[in-house]
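What follows is each chain in one-letter form.
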Amino acid sequence: MAVTPEIQQQFMYLFERVGDPLYFGPRGAVGNLISYNLPPELCPETQHASTIRKQSFANLQMREIRVDRPTTLPNLSGIGTACPKSAIYNYFNPNHRRATQELRQIMLQQPDLRGLLSMACVCRDSEMINPKVWITAFASCLLTRPDTRGFRMPAIWEVMPDMFFSSFCLKESIRQGSVPQQDRAVVVIEGSFTGRNNNVENRLAYFREDLGINAHHWHWHLIYTLDAPRGQRDRKGELFFMMHREMLARYEAERLANNLTLTKPLKLDEGVIKEGYFPKLTDSNSGQLWGNRQQNSKLSDVNRLDDSNLPQGFRVITLEMMRRFRGRILEAIDSGMVITPTGRVPLTIDMLGDIIESSSLNPNPQYYGDLHNMGHVIISATHDPEFKHSENLGVMSDTSTAMRDVVFYRWHKYIDDIFDRFKQNLNPYNPTGGEFPLAWEGIQVESAQLQTKGVQPNVFSTFRMRSNVDLSRGMDFLRIQNNLGPVFVRVVHLNHDPYTFTISVRNNTNAPRTGTVRIFMAPRLNEHNEQFPMVQQRRLFFQLDKFTTQLSPGVNGITRRSSESSVTIPWEQTFRDLERSVQTPAANEQTFCGCGWPEHMVIPRGTATGQLYDVVVFITDGNEDRVEQPATSQPARSNNCRHKNNYSWWDAVSYCGVLDQRYPDRKPMGYPFDRNPYTTVNSNNPNGPQIPVPNLETYVSRVPNMRALQVRVVYNQERVEMRNDGVPTGMREVNGDPYMNSAGRTACSPQGNPPRPAPGSTPTGGGTRPSTMEMTPARPSPPREPIQSGSSPVPNRVPPPTTQNPRPGWSRQYQHQHRGEQRGHSPSPSPIGWTHIPSPERPSSPNWGWGWRG
Ligand SMILES: [Cu+2]
């Protein structure tokens, strides 16, 4: 059963301003306000405040949602002790997860939706419940309950913006939120707010601090939670391996595009962590700061005996202990056997994932320990390992923030190396014979081509995009009648033009066949401009798509659009998007329930001159790949999620599986690049032992149902698009970054801002979009159509790197509005402004970092 619009609204608005008790003002958009009417005896201490607040909104049109008193009031003190309301929530803290599980159980036990609403409201506003515990537990409950299948979770960066935006930006938003709507400015963040480009790692901040990437990681660990009981999620350990490997592969691609070396694993014996990280995040509920890490911080034992936030088992973590766990895991890999309390059993990749992560499915946690999770904790405590300064853990301790930190990738590279040792011990997949042979007799991929609109074939084009986030949904503002409405923060992020793959497949058998099409991508050249050998490149492949298709005898043409990818979800999940879809549901609307790689980050940034990539199209026998689903499971379509394409059984998002079903692909995850390439005769020593095939061309040459094509990713650094999300483009702007603030783009400086239009009038220089400061409902744009360019140059010409333009990366329109000198830049390029990053290793390929900051 799908969730009705009514239920979607009732539950969705509980995620709005979670730190604010429900009596504290209406939820929803102006013109469609909702108020939750709770029985007064539930909050006797705030009864008067509640009445006074209600009176102050008496003139507003509001729809009331009546909330019953729960039949029994739960005892929440155990949850409040495990994760106090004042704590910063850490996923890698077992106590905090226990609190989440307990709360989730309470909500799952509610017999019907009315009961669930009551219980969710009571727990949400309880003094015992940490807001992040509530968000995690309630979101997980809505995903799990049969009667709430299809609930669409609002974008998590709007629900808990303090995990995504700097405290400076939030403070500025509060300031804007306190003024009447027509006077409000949009808070603009130009890029990374955590560092400067004289720290080379900052070049990658656009990736690490991307909203969608961090939201994906949070969401993935929400549904593949560490504590899930056996059977709840199929092949969970294996997916932990594959999903994290592919995230790493995407990151490596970005590093190469930015002239950085590949990630070095963080070895436990290394002594120090070279890279520092200062997140600049504050927990908005408690006002507490996240921990920082100086560069060259010592990696040392954790001894936080007095840290009551941590469970006993996590207060002392030694490096020696971690080495011991790793040694035992390697022993299991090399022997192929796992020691369990009841005897030895053969090791599988799924079990290895359960052991390394280590989840509740670890067959012997006593012996194999908790390597990956404890690593997150030990790394996040380097600034105060002995709790001498009462410092909170750093961002590595939570899944919504960990990917911001450069050390996340180094730690996961270390973890991935352990997984790869297991994979290296397995026999390679051969073209024919053996396990999962590569060739599919009678099927041949004759050609494959990539087409991006407006550019020559086999080119991806990337650029930057500005999108708006409404912080009024997540910030606990003091709302009064005349300061309702949105408070926008404008972020800039990577994006790419929509593209299409055209594949021609010959079916030489006389019968129709079902094929699984797998499309991968990997950088072709290493840091030294040499082609990656196959043994190395295989670990750099990441999926672009995977889908099922029917192959009639003869030649078949397959066309596949980027918007159909089974890996990604679109940007459009904000409160405003969901409100729009609730009010005017489109008949063929694509529905997503939150988990998936962000579509705007599916293609790596590339370079201005075009970075070379290999794309592999590989078709395998769909009947062999097909997985029989348990008879009790509901078909994927009935849960209202992931209706992304017309293929009946392949609705699953590749990284997220399907709820209550088995993972819908029988092949090992990452197939065929998870194992070493097959071997061939060594031409230098024909009678000697065989060697792995040297490169991709040779690898593909013996597999007719596989085809490789070289593509380029061209990054147009001049092009900055504005998302057509209904937010007025002519709004006054203030900086969301303290280091930009001297430049005059502040609230009361007319110099740096376009003239503010009178309400209802057309602003000057505001583009073609709705311009009134009154928020009109956003135009229902078709969900994933090509983005219309306003003033940007045509993307198909590669712009020559220029030293003339004082603001590389700014659109012409934008430059017109904001001159370079307004933010302290001299009009002529300075050696430290918006850095041109020289390429020591590849001088022939000039490369501009993200760097448009001074
Ligand atoms: Cu993770």
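Sequence order as written defines the numbering, with residues in each chain counted from 1. The predicted nature of this model means local features are confined to residues of pLDDT at least 70 and side-chain atom pairs, given and counted, to a pLDDT of 80 or more, with totals for whole chains, interfaces and linings taken over all residues. Side-chain metrics rest on all non-hydrogen atoms present in the structure, leaving aside hydrogens and water.

In plain terms, the rule: UniProt positions are given in the numbering used here, feature names are shortened, and annotations may be inferred rather than shown by experiment.
Where an unreviewed UniProt entry is consulted, the chain appears under the name Phenoloxidase 3, with the organism given as Folsomia candida. Under the UniProt heading Cofactor (unreviewed entry), the note attached to the chain is "Cu(2+)". The UniProt entry for the chain carries this comment under Sequence similarities (unreviewed entry): "Belongs to the tyrosinase family."

### Remarks on the overall build of the chain
As a reminder of what qualifies: Working definition: helices are DSSP H or I runs of at least four residues, strands are E runs of at least two. Numbering for both runs from the N terminus. Exposed residues in this analysis have more than 50% of their type's maximum accessible area, buried residues have under 20%, and partly exposed residues fall in between, with area computed by a 1.4 Å probe over protein chains only. Shrake-Rupley sampling with a 1.4 Å probe provides the accessible areas, and residues are treated as covered by the protein chains on show and by no other component.
Check the secondary structure of the chain and you find 22 helices and 26 strands. Each of the 854 residues in the chain was classed as buried or not, and the buried ones make up 62%. Carbon and sulfur atoms make up 52% of the accessible area of the chain, which amounts to about 31,800 Å² in all.

### What to know about the nonpolar core
Quick note on the threshold: The criterion is simple. A nonpolar core is a set of buried Ala, Val, Leu, Ile, Met, Phe, Trp, Tyr and Cys residues joined through side-chain atoms within 4.5 Å. Contacts were defined at the residue level, with two residues in contact if any of their heavy atoms lie within 4.5 Å.
Ranked by size, the top nonpolar core spans 102 residues in total, and within it Phe460, Ile503 and Leu544 carry the most contacts. Not counting chain neighbours up to four residues away, the residues in contact with Phe460 comprise Leu450, Thr452, Tyr499, Phe501, Met521, Leu544, Ile603, Val615, Val711, Arg712, Val713 and Val714. In this structure, Leu103, Ala120, Ile189 and Tyr277 belong to the second largest nonpolar core, which totals 74 residues.

### Notes on the sheet that holds strand S1 (residues 27–29)
Threshold: Whether two strands pair depends on DSSP finding at least two bridges between them. In this analysis, axes come from line fits to C-alpha atoms, helices being fitted only over the stretch in contact, and the angle between any two N-to-C directions falls in the range 0 to 180 degrees.
If you trace the three strands from one edge of the open sheet to the other, you get S1-S2-S3, paired in mixed fashion. The open sheet is flanked by S1 and strand S3 (62–66), the only strands paired with a single partner. Pairwise comparison of adjacent strand axes, ignoring direction, gives a mean angle of 20 degrees for this sheet. Here strand S2 (residues 32–37) runs beside S3; their pairing, made up of five bridges, is parallel. Residue Tyr36 lies in a different strand from S3, and its bridge partner there is Ile65. Contacting S1, S2 and S3, helix H5 (residues 113–124) crosses the sheet at an angle of about 100 degrees to S3.

### Quick word on helix H19 (residues 575–583)
Given 3.6 residues to a turn, an α-helix orients residues that are three or four positions apart in the same direction. Of all the nine residues making up H19, eight are buried; the element is thus mostly covered by neighbouring parts of the structure. Taken together, the buried positions of H19 are Phe575, Arg576, Asp577, Leu578, Glu579, Arg580, Ser581 and Val582. On its buried face, H19 sits against helix H1 (5–12), S1, helix H7 (156–159), strand S12 (459–470) and strand S13 (488–496).

### Topic: the packing of helix H11 (residues 236–257) against helix H17 (residues 406–424)
A pair of packed helices is characterised by two quantities: the angle between their axes and the separation of those axes. Formally: Throughout this description, any angle smaller than 35 degrees is read as roughly parallel, any larger than 145 degrees as roughly antiparallel, any in the 65 to 115 degree range as roughly perpendicular, and the remainder as oblique. In this scheme the crossing of two helices becomes right-handed for a clockwise turn of the near helix relative to the far one and left-handed for an anticlockwise turn of less than a right angle. Classification used: nonpolar for Ala, Val, Leu, Ile, Met, Phe, Trp, Tyr, Cys and Pro, charged for Asp, Glu, Lys and Arg, polar for all others including Gly.
Two elements in contact, H11 and H17, have axes whose closest approach is 10 Å; the angle formed by their N-to-C orientations is 125 degrees. Here H11 is positioned oblique relative to H17, judged by the angle of their axes. Our pair here, H11 against H17, has a crossing hand that is left-handed. Together, Phe240, Phe241, His244, Arg245, Met247, Leu248, Tyr251 and Glu252 of H11 and Val406, Phe408, Tyr409, His412, Lys413, Asp416, Phe419, Asp420 and Lys423 of H17 make up the contact between the two elements. The residue inventory of the contact of H11 with H17, partitioned by class, reads nine nonpolar, two polar and six charged.

### Some words on the state of the cysteines
Filter applied, for reference: Cysteine sulfur atoms are paired as a disulfide whenever they come within 2.5 Å of each other.
Going through the model one piece at a time under the given rule, you end up with one disulfide. With its sulfur 2.0 Å from that of its partner, Cys595 forms a disulfide with Cys656. Its S-S torsion of approximately -70 degrees makes the covalent link between Cys595 and Cys656 left-handed. With a gap of 61 residues between them, Cys595 in the loop between H19 and strand S19 (597–598) and Cys656 in the loop between helix H20 (622–625) and strand S21 (679–680) connect regions that are remote in the sequence. With no disulfide partner, Cys121 has as its closest neighbouring cysteine sulfur the one in Cys123, 9.4 Å distant.

### Notes on empty space enclosed by the protein
As a reminder, the rule being used: The distinction between a cavity and a pocket rests on a 1 Å grid over the protein atoms alone: a 1.4 Å probe fits inside a cavity but cannot get out, while a pocket stays open yet meets protein on both sides within 12 Å along at least five of seven lines, and a residue with an atom within 4 Å of a point counts as lining. Grid points are joined across faces, edges and corners, and a volume is the space filled by probe spheres set on the points. An automatic or database domain assignment is the source of the domain bounds shown.
A full pass over the atoms with the stated rule returns 17 cavities of 30 Å³ or more. Roughly 200 Å³ of volume is contained in the largest cavity. Forming the walls of the largest cavity are 17 residues, and the residues nearest its centre are Gly191, Glu209, Asp210, Val491 and Val492. Elements that contribute at least two residues to the lining of the largest cavity include exactly helix H9 (205–208) and S13. It is S13 that contributes the most residues to the lining of the largest cavity, three residues altogether. A breakdown of the residues in the lining of the largest cavity according to their chemical character gives 11 nonpolar, three polar and three charged. Of the domains in this structure, domain 2 (200–424) and domain 3 (443–629 + 638–713) are the two that each give at least three residues to the lining of the largest cavity.

### So, the confidence of the model for the chain
Cut-off, in case you're wondering: pLDDT expresses, on a scale from 0 to 100, how confident the predictor is about each individual residue.
Taken residue by residue, the chain gives an average pLDDT of 82. The fraction at 70 or more is 81%. A low-confidence stretch, residues 635–652 stays under pLDDT 50, and its non-local contacts, those more than four residues away or across chains, total 62 contacts. Below a pLDDT of 50 lies the segment residues 742–854, which in the model reaches 238 contacts outside its immediate sequence neighbourhood of four places, other chains included.

### Here's the deal with the packing of aromatic side chains
Heads up, the condition is: Pairing of aromatic rings covers Phe, Tyr and the six-membered ring of Trp, with a centre-to-centre limit of 6.5 Å; geometry is then stacked below 30 degrees between planes, edge-to-face above 60, and tilted otherwise. Only when the NZ of Lys or the CZ of Arg is both within 6 Å of the ring centre and within 35 degrees of the ring normal is a charge said to sit over the ring.
Applying the stated rule across the entire model yields 30 aromatic pairs. An angle of 85 degrees between the planes, with centres 5.8 Å apart, marks the rings of Phe11 and Phe138 as edge-to-face. On the criterion of sequence distance, the pair formed by Phe11 in helix H1 and Phe138 in helix H6 (residues 131–144) is long-range, its members being 127 residues apart. Grouping residues by exposure puts Phe11 and Phe138 together as buried. On the basis of an interplanar angle of 75 degrees and a centroid distance of 5.1 Å, the ring pair of Phe408 and Tyr409 is categorised as edge-to-face. With respect to burial, Phe408 and Tyr409 carry one shared label: buried. In this structure an aromatic cluster arises from ring pairing among Phe11, Phe15, Trp134, Phe138 and Phe151. A cation sits over an aromatic face here: Arg97 above Tyr91, 5.5 Å from the ring centre. A cation over a ring is seen here: Arg233 above Tyr224, with NZ or CZ 4.8 Å from the ring centre.

### Side note on the coordination of the copper ion
Our working rule: Distances decide who is a donor: an N, O or S atom must be within 2.8 Å of the metal, or within 3.2 Å for Na, K and Ca. Water is not included, so sites may look incomplete.
Protein-derived coordination of the copper ion comes from His217 (NE2), His221 (NE2) and His244 (NE2), at a distance range of 2.0 to 2.1 Å. Counting along the primary sequence, the residues that act as donors to the copper ion give the motif H-x3-H-x22-H. Here the residue His217 occupies a position in helix H10 (residues 211–223), and His244 occupies one in helix H11, the gap between them amounting to 27 residues. The residues His217 and His244 share a single accessibility class, namely buried.

### Quick notes on the pairing of strand S16 (residues 542–551)
In terms of burial, S16 is a largely internal element, nine of the 10 residues being buried. Sheet topology note: the strand S15 (residues 513–523)/S16 ladder contains nine bridges and is antiparallel. From the neighbouring strand, Gly515 faces S16, where its bridge partner is Thr549.

### Overview of the side chain of Ser140
Topologically, Ser140 is positioned in helix H6. Overall, the relative accessible area of 9% leaves Ser140 in the buried class.

### Regarding the pattern of salt bridges
This is how it is decided: We define a salt bridge as a side-chain nitrogen of Lys or Arg found within 4 Å of a carboxyl oxygen belonging to Asp or Glu.
In the structure shown here, the tally under the stated rule is 50 salt bridges. With its nearest N and O atoms 2.6 Å apart, the salt bridge here joins Arg410 to Glu270. One end of the pair, Arg410, is in helix H17; the other, Glu270, is in the loop between H11 and strand S5 (272–273), and 140 residues separate them in sequence. Note on Glu270: relative accessible area 33%, which makes it partly exposed. Where Asp416 meets Arg539, a salt bridge forms, and the shortest distance between an N and an O atom there is 2.8 Å. One end of the pair, Asp416, is in helix H17; the other, Arg539, is in the loop between helix H18 (534–537) and S16, and 123 residues separate them in sequence. With respect to burial, Asp416 and Arg539 carry one shared label: buried. By sharing partners, the salt bridges in this structure join Glu16, Arg17, Asp20, Asp470, Arg473 and Glu579 into a single network.

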